Amino acid sequence: MPFKFDLNTFLAHPLLTSLLVADIGIMMFLPLVRPPVMLNVLFLGGLIYLAMYFGAKLVARE
C-alpha cells in the first residue's frame, strides 16, 4: 500500500501544518541550540502528536 500525499489535507489545517513544519525544523537543529530537557520533551511530544494527527487524517481520506 503506497503512501499517497494529499496536499488538501495539509491546506485544510494551516495552523497545524505550520506547527509541524516549524517543529521539524527546530528538532533538526536542536543539537546546535541545546534547550532544556523539558523543552525537548515538549517538542518531541508535539511532533508525535502532529504526526499521528496527520497520519489519521490521511488514512481517513482513502
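All of these numbers come straight from a predicted model, not from anything done at the bench.

A. Looking closely at the overall build of the protein chain. Within the protein chain, the regular secondary structure consists of 4 helices and 0 strands. Ordering the α and β elements of the protein chain from the N terminus gives α-α-α-α. For the protein chain, the C-alpha radius of gyration of 13 Å lies well beyond 11 Å, the compact-globule estimate for 62 residues. Judged by the C-alpha coordinates and their principal axes, the protein chain covers about 40 × 20 × 15 Å. In the protein chain, which comprises 62 residues, the share counted as buried stands at 16%. Within the protein chain, contacts between residues at least 6 apart in sequence are counted, and of these 68% link residues at least 24 apart. On the protein chain, roughly 4900 Å² of surface is accessible, and the fraction owed to carbon and sulfur atoms is 76%.

B. Just the side chain of Thr9, in detail. Counting through the fold element by element, Thr9 comes out in helix H1 (residues 7–12). In this structure Thr9 comes out as buried when scored by relative accessible area, which is 3%. At 3.0 Å, the side chain of Thr9 and the side chain of Asp6 are in polar contact.

C. Structural context of the environment of Leu15. Counting through the fold element by element, Leu15 comes out in helix H2 (residues 14–28). Through-space distance from the C-alpha of Leu15 to that of Phe43 is 16 Å; in sequence the pair is 28 residues apart.

D. Structural view of the packing of aromatic side chains. A complete count under the given rule lists 3 aromatic pairs for this structure. With a centroid separation of 6.2 Å and an interplanar angle of 25 degrees, the aromatic rings of Tyr49 and Tyr53 are classed as stacked. With a gap of 4 residues between them, Tyr49 and Tyr53 both fall in helix H4 (residues 37–60), about one helical turn apart. Cluster of aromatic residues (ring-pair linked, three or more members): Phe10, Tyr49, Tyr53 and Phe54.

E. Representation of the packing of H2 against H4. It is the contact of H2 with H4, at a shortest axis distance of 10 Å, that shows an interaxial angle of 135 degrees. For the element pair H2 / H4, the angle class is oblique. Relative to H4, H2 is oriented so that their crossing is left-handed. Residues Leu16, Thr17, Leu19, Leu20, Asp23, Ile24, Ile26 and Met27 of H2 form the contact with H4, whose own contacting residues are Phe43, Leu44, Gly46, Leu47, Leu50, Tyr53 and Phe54. In terms of residue class, the contact of H2 with H4 is built from 12 nonpolar, 2 polar and 1 charged.

Basis of the calculations
Residues numbered from 1 in each chain as written. Predicted model: local features only at pLDDT ≥ 70, side-chain atom pairs only at ≥ 80, totals over all residues. Heavy atoms only, no water. Helix = DSSP H or I, 4+ residues; strand = E, 2+ residues; numbered from the N terminus. Rg over C-alpha atoms; globule rule 2.2 N^0.38 Å. Buried < 20%, exposed > 50% of the residue type's maximum accessible area, 1.4 Å probe, protein only. Contact = heavy atoms within 4.5 Å. Areas by Shrake-Rupley, 256 points an atom, 1.4 Å probe, with all protein chains shown as cover. Polar contact = N/O pair within 3.5 Å; in protein donor to acceptor, adjacent residues only side chain to side chain. Phe/Tyr/Trp six-rings, centres within 6.5 Å; stacked < 30°, edge-to-face > 60°. Axes fitted to C-alpha atoms, helices over the stretch in contact; angles between N-to-C directions. Parallel < 35°, antiparallel > 145°, perpendicular 65-115°, else oblique. Left-handed = near helix turned anticlockwise from the far one by under 90°. Nonpolar A, V, L, I, M, F, W, Y, C, P; charged D, E, K, R; others polar.

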